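Chain and residue survey
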Amino acid sequence: MVILMIKINRIEVDDQEILKEIIEKKRENVIKINDAMNACYKTILKEEEKFLLKEYLRYNINLPLKPTHFLLKEAYTSLYTNETTPSGELIQKIYNNPKTKKCLYCGINSAKTIDHYLPKEKYSYYSIYSKNLIPCCSQCNSKKGATVFKNGTSERVFINFYDDDIFDKDYLKVKIEFMKELNNFKVDFYLENEAPSILKNHFKKLELFNRYEELANELISEISSEIKENNYAIKECRKVLRNKYNSLLKMRGPNNYEASLYLALAEFDDLNKILEL
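Predicted model, so just to flag it, every value in this text is computed and none were measured. (Residues numbered from 1 in each chain as written. Predicted model: local features only at pLDDT ≥ 70, side-chain atom pairs only at ≥ 80, totals over all residues. Heavy atoms only, no water.)

The next point concerns the packing of helix α8 (residues 234-252) against helix α9 (residues 257-266). Taken N-terminus to C-terminus, the directions of α8 and α9 make an angle of 155°; their axes are 8 Å apart at the nearest point. Accordingly, the angle class assigned to the pair α8 and α9 is roughly antiparallel. As for the relative orientation of α8 and α9, their crossing is left-handed in sense. Judged by residue contacts, Arg238, Leu241, Arg242, Lys244, Tyr245, Leu248 and Arg252 of α8 engage Glu258, Ala259, Tyr262, Leu263, Leu265 and Ala266 from α9. (Axes fitted to C-alpha atoms, helices over the stretch in contact; angles between N-to-C directions. Helix = DSSP H or I, 4+ residues; strand = E, 2+ residues; numbered from the N terminus. Parallel < 35°, antiparallel > 145°, perpendicular 65-115°, else oblique. Left-handed = near helix turned anticlockwise from the far one by under 90°. Contact = heavy atoms within 4.5 Å.)

Encoded structure:
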């Protein structure tokens, strides 16, 4: 399980060249299938190519929505929805990035879908722009939907792991309690009150607290097995847990699910209870 909370480098591609190739391929498809709507899109996109290239240059995740005629929206969106060889190759390159094998929003599941950070339903001119394409899991994609800003505000709801400066302070905390009657641990994840609003929004909207808590006891069981296998004393166990925390901190940054759990366990008063699992 690899749960990231660090800034990720994008793949390096020539978006302008890709756009031109997609439009050219659309022209070939139209000749082959003689589809009237695609022919219309082809004409529009050829005329709008310069506009789209200008929009690429001004891309910003905080951009306000620009009103767009519905027919233009349909044509722009078709750059992504009507797959061509260049668009398919771009998506595959994004999936093949070793840093984005896991969903960038939750880090739990494999990234098997593409989210448009600025949603294509609203920002259709970025529908095939690589900087706007976020590899994620279907669960997060569904929960995020077409949301960008909090209702009626300019406050963004979700972290963009390409563009946002990911927080270097550990805001994610873990409370652990041993439930004797269940012979198990009760694990509660929470964010400190002073955590940035976008971090709070991100965790809340994607229901990450619940999702992480469901995984916590699985990880604790793995730790318990390792402790028993190596016959660690409690003092040694705390040292191992803290070393794991420090290692994860360097690789994935603070506010990482596993790192936070390792630190909480290292500081847990009744750590000997882990041997009873």
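Attention shifts here to the packing of aromatic side chains. As enumerated under the stated definition, the model contains 17 aromatic pairs in all. Ring plane angle 75° and centroid distance 6.3 Å describe the contact between Tyr123 and Tyr125, whose orientation is recorded as edge-to-face. Both rings, one in Phe185 and one in Phe268, keep their centres 5.8 Å apart while their planes meet at 70°; by these two values the pair is edge-to-face. With Phe185 in strand β4 (residues 184-191) and Phe268 in the segment after α9, this residue pair connects regions lying 83 residues apart in the sequence. Judged by its relative accessible area of 4%, Phe185 falls in the buried class. By relative accessible area, which is 11% here, Phe268 ends up buried. Three or more aromatic residues joined by ring pairs make a cluster, and in this case those are Phe51, Tyr56, Tyr59, Tyr76, Tyr123, Tyr125, Tyr126 and Tyr129. When the ring centre of Tyr117 is taken as reference, the NZ or CZ atom of Lys144 above it lies at 5.2 Å. (Phe/Tyr/Trp six-rings, centres within 6.5 Å; stacked < 30°, edge-to-face > 60°. Buried < 20%, exposed > 50% of the residue type's maximum accessible area, 1.4 Å probe, protein only. Lys NZ or Arg CZ within 6 Å of the ring centre and 35° of its normal.)

We now examine the environment of Leu118. Note that Leu118 resides in the loop between β1 (113-116) and β2 (133-136). Residue Leu118 is classed as buried on the basis of its relative accessible area, which comes to 0%. Those residues in contact with Leu118 that lie beyond four places of it in its chain are Tyr59, Asn60, Ile61, Tyr123, Tyr126, Asn132 and Val148.

Once that is clear, we can look at the nonpolar core. Soluble globular proteins tend to pack their nonpolar side chains together in the buried interior. Of all hydrophobic cores here, the largest spans 83 residues; its most connected members are Tyr126 and Leu261. In this structure, Leu261 is in contact with Val174, Ile176, Val187, Ala216, Leu219 and Ile220, ignoring residues within four places of it in sequence. (Core = buried A, V, L, I, M, F, W, Y, C linked by side-chain atoms within 4.5 Å.)

One ladder, built from 8 bridges, connects strand β3 (residues 172-179) with β4; its direction is antiparallel. Counterpart to Phe178 in the pairing with β4 is Phe185. (Pairing = 2+ DSSP bridges.)

Quick look at the pairing of β4 now. Covered by surrounding structure in β4 are Phe185, Val187, Phe189 and Leu191 only, the residues Asn184, Lys186, Asp188 and Tyr190 on the alternate face being uncovered. Counted along the chain from β3 to the antiparallel partner β4, the turn is 4 residues long, and its residue Asn183 has a positive phi close to 50°.

To continue, consider the pattern of salt bridges. Counted according to the given criterion, the structure contains 14 salt bridges. One salt bridge in this structure joins Asp163 and Arg10, with 2.7 Å as the shortest N-O distance. Pair noted here: Asp163 is in the loop between α5 (138-144) and β3 and Arg10 is in the segment before α1 (15-33), with a separation of 153 residues, a long-range link. Its relative accessible area of 30% is what places Asp163 among the partly exposed residues. (Salt bridge = Lys/Arg side-chain N within 4 Å of Asp/Glu carboxyl O.)

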